[in-house]
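Residues per chain are reported as follows:
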Amino acid sequence: MDIQAITQAVHDITGDVLIVGAARKAGEIALSPAATSVDKLLDGLINECSADGEFKGAPGELLSIHPQGRLAVKRVIVVGLGKQETINTQSLRRASAIATRNAQSKGAHKVTLALQWNSATFNSVQAIEAQAEGALLGQYTFRKYQHTEQNGDDNGITQLSILAEGVEDVEQALQRGRALAEATNFARDLVNEPPRVLTPTELANRANAMANQFGLECEIFDKEKIDELQMGGLLGVSQGSAEPPKFVILRYRGVPQSDDKGLAFVGKGITFDSGGISIKPAAGMDEMKGDMGGAAAVLGAMQAIAALKPAINVTALVPTCENMPSGTAYHPGDILRIMNGKTIEIVNTDAEGRLILADALSYAAKEGLSPIIDLATLTGGIVVALGSVMTGLFSNDEVLTDEIIAAGRAAGEKFWPMPLDDEYSDAIKSDIADIKQTGGRYASAVTAAKILENFVGDAKWAHLDIAGTSYLDSKKSYQEKGATGVGVRTLAELAARLAE
């Protein structure tokens, strides 16, 4: 898709759809600058619709207007931004996604976004970036396995323009918005792929292809090397599958002359999780192709970082395998030795993610990387606690916690700090190993994080449990059902902030 900035007057904008914004202020409608111009050209039609109760400016609400020749554009969409006092870049990002999805569903090809808003909390450059990002995120679909003529390129938006009169650094804003959205969509593609396609080997291959395209260093360890490193967690989980495990390392050297190795991103890469011997119920098991959402987010973040080029060194580590039941599968009752030498008593083979992450975290700690941030669809417990709105954030460092939350706020992703008090360690004490694999039903997300804490050494560390936020069970006005790509933009934003 062609994306460009334009500086035309509203009445001269051509194409299929012009999208403008409106909000609520003290019970009345408040219009964006472009919407104000449109309203004047249409003799107050937007305000009239508001007065009649047809449009109230609620978040994501749409008002479609055919200007009947009074504007050069064929149709105007007014999209609600919510309360004026709470408008932020996420408001613009979400509104852009909703409105462009609506325009695309009606067959529009040439669309202009004009959601600029006068705000003390964000500037015009950030507004343009958010609009570009939101539009590209909103138009995402995963249709490669559907045999239908409706999926042709002629069915989507081919040209997206963003009104940017009087704004400097426009091209940089468009580039950044595009880079973040495309990296997120890359991660979504990975999660949405069928598990018979996206095997551990294929995930490693796609990571390597992306690294070659964006100038990242890539190293892939096979089973022999994994065995040599004594990664007992990754070997143990993978032994029930015919698919061999892989360990993927990507390196971005934004400051190659620096002795600081920089931060590490670690992503759980279970390409399909049957539960192993402790097999899952059949209902919903098809969604377990998404148990590599953490790996996808980490790879997407590295793509975005490579495109944006912040002055920081970043290493991504992805342990990847399948968790399958077979005559060779690991058992409840087994004891696995992790790379750092600690042993884990296996209680439930469906708690496999923490085992492969333990090896990856041990590797990161041995390499001297810090801070270490891992992402994983780790526990159902975090879904019970936070639903699909917030990602659970566990960390051994308060400053890092604040930095991640701030980066997430800028990226439009929400994180909630969770406890890691020492008392929770009692639940994972084992009689026969260093650690027990699960702490039981209660505080399960916390005890899972306490297990991971044993493998980070002295590094600053954060664990992001994305089990509730990485996948949508139903279609939304702003997004298709399926993978969300959560974490990609937050990690990229965090890297940029730490580079400053």
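The model shown is predicted, which means the values in this text are computed figures rather than measured ones.

Asker: Could you give me a rundown of the overall build of the chain, with the residues and numbers involved?
Answerer: The secondary structure content of the chain amounts to 14 helices and 21 strands. Scaling as 2.2 N^0.38, a compact globule of 500 residues should have a C-alpha radius of gyration of about 23 Å, and the chain matches this with 24 Å. If one aligns the C-alpha atoms of the chain with their principal axes, the spans along those axes are about 80 × 50 × 45 Å. Per-residue burial for the chain yields a buried fraction of 56% across its 500 residues. Sequence separation of 24 or more characterises 77% of the internal contacts of the chain that already satisfy a separation of 6 or more. By element, 46% of the accessible surface of the chain is carried by carbon and sulfur atoms, the whole surface being about 20800 Å². The averaged location of the 63 negative side-chain charges in the chain is 3 Å from the averaged location of its 46 positive side-chain charges.

Asker: I'd like a rundown of the pairing of strand S10 (residues 263-267), residues and numbers included.
Answerer: The element S10 is largely enclosed, with a buried count of five among its five residues. Burial of S10 is two-sided: the residues Leu263, Phe265 and Gly267 facing one way and the residues Ala264 and Val266 facing the other way are all buried. Bridging between S10 and strand S12 (residues 313-323) involves four bridges; their strand directions are parallel. Note that in S12 the partner of valine 266 across the bridge is leucine 317. As judged from the four bridges shared by S10 and strand S15 (residues 372-376), these two strands associate in the parallel manner. Paired with valine 266 across the bridge in S15 is aspartate 374.

Asker: Account for the packing of aromatic side chains, naming residues and giving values.
Answerer: The tally for this structure, following the rule as stated, stands at four aromatic pairs. A centroid spacing of 6.1 Å and a plane angle of 70° characterise the contact between phenylalanine 221 and tyrosine 363, whose relative ring orientation is edge-to-face. A residue pair is termed long-range when its members are at least 10 positions apart, and phenylalanine 221 in strand S8 (residues 217-221) and tyrosine 363 in helix H10 (residues 353-366) qualify at 142 residues. Here a set of aromatic residues connected by ring pairs shows up, and it is made of Phe221, Phe247 and Tyr363. Arginine 94 extends its terminal NZ or CZ atom over the ring of tyrosine 478, reaching a point 3.7 Å from the ring centre. Against the face of phenylalanine 221 rests lysine 225, its NZ or CZ located 5.6 Å from the ring centre.

Asker: Residue-level account of the pattern of salt bridges, with values.
Answerer: Scanning the entire structure with this criterion turns up 25 salt bridges. For glutamate 480, the salt bridge goes to arginine 143, with nearest N and O atoms at 2.4 Å. You can see glutamate 480 sitting in the loop between strand S20 (471-472) and strand S21 (482-483) and its partner arginine 143 sitting in the loop between helix H4 (124-138) and strand S7 (159-163), a full 337 residues away along the chain. By relative accessible area, which is 29% here, arginine 143 ends up partly exposed. Between aspartate 422 and lysine 450 there is a salt bridge whose closest N-O contact spans 3.9 Å. Here aspartate 422, found in the loop between strand S17 (415-417) and strand S18 (435-436), pairs with lysine 450, found in helix H13 (residues 444-453); they are 28 residues apart in sequence, far enough to count as distant. Residue classification places aspartate 422 among the exposed residues on the basis of a relative accessible area of 62%. Overlapping salt bridges, with partners in common, bring together Arg93, Glu133, Glu413 and Arg489 in one network.

What counts and what doesn't
- Within every chain, residues take consecutive numbers counted from 1 along the sequence as written.
- Given that the model is predicted, a residue must reach a pLDDT of at least 70 before its local features are reported, and side-chain atom pairs must reach 80 or more before they are shown or counted; all residues, however, enter totals for whole chains, interfaces and linings.
- To get the side-chain values, take all heavy atoms of the structure and skip hydrogens and water.
- Secondary structure counts use DSSP, requiring at least four H or I residues in a row for a helix and at least two E residues in a row for a strand, with both numbered from the N terminus.
- The quantity called the radius of gyration is restricted to C-alpha atoms. Its globule counterpart is 2.2 Å times the number of residues to the power 0.38.
- Exposure categories follow from relative accessible area, calculated using a 1.4 Å probe and restricted to protein chains: below 20% of the type maximum is buried, above 50% is exposed, and the middle band is partly exposed.
- Residue contacts are defined here by distance: any two heavy atoms, one from each residue, within 4.5 Å place the two residues in contact.
- Accessible surface is estimated by sampling points in the Shrake-Rupley manner with a 1.4 Å probe; for residues, cover comes only from the protein chains shown.
- Charge assignment in this entry is limited to Lys and Arg as positive and Asp and Glu as negative, and neither His nor the chain termini are counted.
- Every charge is mapped to an atom, namely NZ of Lys, CZ of Arg, CG of Asp or CD of Glu.
- Whether two strands pair comes down to DSSP finding at least two bridges between them.
- Aromatic rings from Phe, Tyr and Trp, taking only the six-membered ring of Trp, are treated as a pair when their centres fall within 6.5 Å; an angle between ring planes under 30 degrees marks them as stacked, one over 60 as edge-to-face, and anything in between as tilted.
- Whether a charge lies above a ring is judged from NZ of Lys or CZ of Arg, which has to be within 6 Å of the ring centre and within 35 degrees of the ring normal.
- By convention in these notes, a salt bridge is any Lys or Arg side-chain nitrogen within 4 Å of a carboxyl oxygen on Asp or Glu.

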